[in-house]
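In case you want the letters, here they are:
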Amino acid sequence: MAGFVEKPEPIEVPGLTHLHTGKVRDLYRNEAGELVMVATDRISVYDWVLPTEIPDKGRILTQLSLWWFGRLTDLVPNHVISTDLPAGAPADWEGRTLVCTPLEMIPVECVARGFLTGSGLAEYNETRTVCGLALPEGLVDGSELPGAIFTPATKAEVGDHDENVSYEEVARVVGAETAALLRRTTLDVYARALEVARDRGIILADTKFEFGFDGDRLVLADEVLTSDSSRFWPAEEWEPGHAQPSYDKQYVRDWLTSPTSGWDKNGQLPPPELPKEVVEATRAKYVEAYERLTGISWT
Ligand SMILES: Nc1ncnc2c1ncn2[C@@H]1O[C@H](COP(=O)(O)OP(=O)(O)OP(=O)(O)O)[C@@H](O)[C@H]1O
Ligand SMILES: [Mg+2]
């Protein structure tokens, strides 16, 4: 079981057409035909969108994403047109709303990994490969890879896991030329971000990008290099051989799987509301990631 514990109703704004309620973002189209992407405070863990929101999460991740877009413009164009609030939109959309170029999205989650963990580690343990790429013996959870690798996945419906696929499969779906462009751009952007984060004491273990076409121009879309799309590890605590502390959702995962929550991750019931302390500690982690990466104080 997975999905929304409570699926929110779209907000009605004159001049905006609701397109889609994503796990964390709501999409609208404005009268100019542009995409209006509104990040909410929703959090998804274990494939569930929880019934409890994390205050400011939408704003923090939107600002972090914008900060990164600004550091990548020489590598790839991005979809952001403006941060102006659409006329008539609720005031609390401020800071978490992006007006974007609507793109022909490429149905591939473009993941770059410089470190082994998660689904990459699971595949490695079975076959010594990740997305079919052969890796050396002896790697463990959290190991740095000999070089960053492109490990694409197919986008799953809400409540399903994304599925890792081989590069050949990507080439089959999008064509050889686009596949090569996706791989090159993903690895270029990852290399830049890895360096920027490392300077700030954060290991960018892996990250996911989404790209789309504006005509024949490849454009970086969605959100980039946020705690929702990336694994950030505090560099000083990095120690291969076990799961690394995750920057953001660790408190939530720990609490949900603890006896106090009364919830069974493998059972049929949706997860419960989070207690206040867990919400506060999680919010503090999002703030910390933002502040450490950007060097800008959140408040
Ligand atoms: N410029 C763009 N043009 C069109 N679609 C975009 C653009 N940027 C991002 N998207 C899409 O907007 C959606 C963002 O929603 P969100 O990330 O909350 O949902 P999700 O759970 O990842 O995906 P889903 O849409 O399957 O629910 C994603 O489907 C993403 O592919
Ligand atoms: Mg998404």
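Note that the structure is predicted; figures quoted are calculated from it, not measured. In this numbering scheme, every chain counts its residues from 1 along its sequence in written order. To label them, take the chains in the order written and letter them from A, then take the ligands in the order written and number them from 1. pLDDT decides what is reported in this predicted model: residues at 70 or higher carry local features, side-chain atom pairs at 80 or more are listed and counted, and totals for whole chains, interfaces and linings draw on all residues regardless.

(A) Representation of the overall build of the protein in the model. Check the secondary structure of the protein and you find six helices and 19 strands. Our radius of gyration looks at C-alpha atoms and nothing else; its globule reference is 2.2 Å times the residue count to the power 0.38. The C-alpha atoms of the protein give 19 Å as radius of gyration, which agrees with the globular expectation for 299 residues (19 Å, within 12%). Overall, the protein is about 60 × 50 × 40 Å in size when its C-alpha atoms are taken along their principal axes. To sort residues by exposure, count the other C-beta atoms lying within 10 Å of each residue's C-beta; 20 or more gives buried, 12 or fewer gives exposed, and values between give partly exposed, all with C-beta atoms placed from the backbone. Evaluated residue by residue, the protein yields a buried proportion of 37% over its 299 residues. Two residues qualify as a contact pair if the distance between their C-beta atoms, derived from the backbone, is within 7 Å. Taking as baseline every contact in the protein between residues at least 6 positions apart, the subset at least 24 positions apart corresponds to 62%. Secondary structure follows DSSP: runs of H or I at least 4 residues long count as helices, runs of E at least 2 residues long count as strands, and numbering of each begins at the N terminus.

(B) Looking closely at the sheet that holds strand 18 (residues 217-220). Read across the sheet, three strands follow the order 9-17-18 without closing on themselves; strand pairing throughout is antiparallel. The open sheet has two edge strands, strand 9 (104-105) and strand 18, and neither has a second partner. Where strand 17 (residues 211-214) meets strand 18, four bridges bridge the pair, whose relative direction is antiparallel. When the sheet's bridge partners are listed, Asp 214 is paired in strand 18 with Arg 217. For two strands to count as paired, DSSP must find a minimum of two bridges between them.

(C) Structural context of the site of ligand 1. By convention here, the C-beta atom is placed from the backbone, and a residue is near a molecule or strand when that atom is within 6 Å of it. Near ligand 1, the surroundings consist of 18 residues, among which Gly 22, Lys 23, Arg 25, His 79 and Ala 221 are the closest. Here the term charged refers only to Asp, Glu, Lys and Arg, the term nonpolar to Ala, Val, Leu, Ile, Met, Phe, Trp, Tyr, Cys and Pro, and the term polar to all other amino acids, Gly among them. A per-class count over the shell around ligand 1 returns nine nonpolar, five polar and four charged.

(D) Just unusual backbone geometry, in detail. Here the phi dihedral of Tyr 46 falls at roughly 50 degrees; this positive angle occurs in a residue that is not glycine. You can call Tyr 46 partly exposed: it has 15 C-beta atoms within 10 Å. Look at Asp 222: it is not a glycine, yet its phi comes out positive at around 60 degrees. Along the chain, the position of Asp 222 falls in the loop between strand 18 and strand 19 (230-234). The buried category is assigned to Asp 222, around which 22 C-beta atoms lie within 10 Å.

(E) Quick look at the environment of Val 252. Inspection of the secondary structure puts Val 252 in helix 5 (residues 250-256). The exposure class assigned to Val 252 is buried, which follows from the 25 C-beta atoms found within 10 Å. C-alpha separation for the pair Val 252 and Ala 281, spaced 29 residues apart in sequence, amounts to 9.0 Å. Beyond its immediate chain neighbours, meaning those up to four positions away, Val 252 contacts Ile 43, Val 45, Leu 274, Val 278 and Thr 282.

(F) Summary view of the nonpolar core. For the purposes of this analysis, a nonpolar core is taken to be any set of buried Ala, Val, Leu, Ile, Met, Phe, Trp, Tyr and Cys residues that are connected through C-beta atoms within 7 Å. In terms of nonpolar packing, the biggest core is built from 65 residues, with Leu 182, Ala 193, Ala 197, Ile 203, Leu 204, Phe 211 and Leu 220 touching the most fellow members. Among the elements that line this core, the one with the most residues is helix 4 (residues 176-199), at seven residues. Not counting chain neighbours up to four residues away, the residues in contact with Ala 193 comprise Trp 68, Leu 204, Thr 207 and Leu 225.

(G) Region of the structure containing helix 4. A helix's residues, less one, multiplied by 1.5 Å, set its expected span. Helix length check: helix 4 (24 residues) gives 35 Å between terminal C-alpha atoms against 34 Å at 1.5 Å per residue, within 8%. Of all the residues in helix 4, the buried ones are Ala 179, Leu 182, Thr 185, Thr 186, Val 189, Tyr 190, Ala 193, Leu 194 and Ala 197. Gly 201 sits one or two positions beyond helix 4 and adopts a positive phi of about 75 degrees.

Without other data, these values stay purely geometric and don't point to any function.
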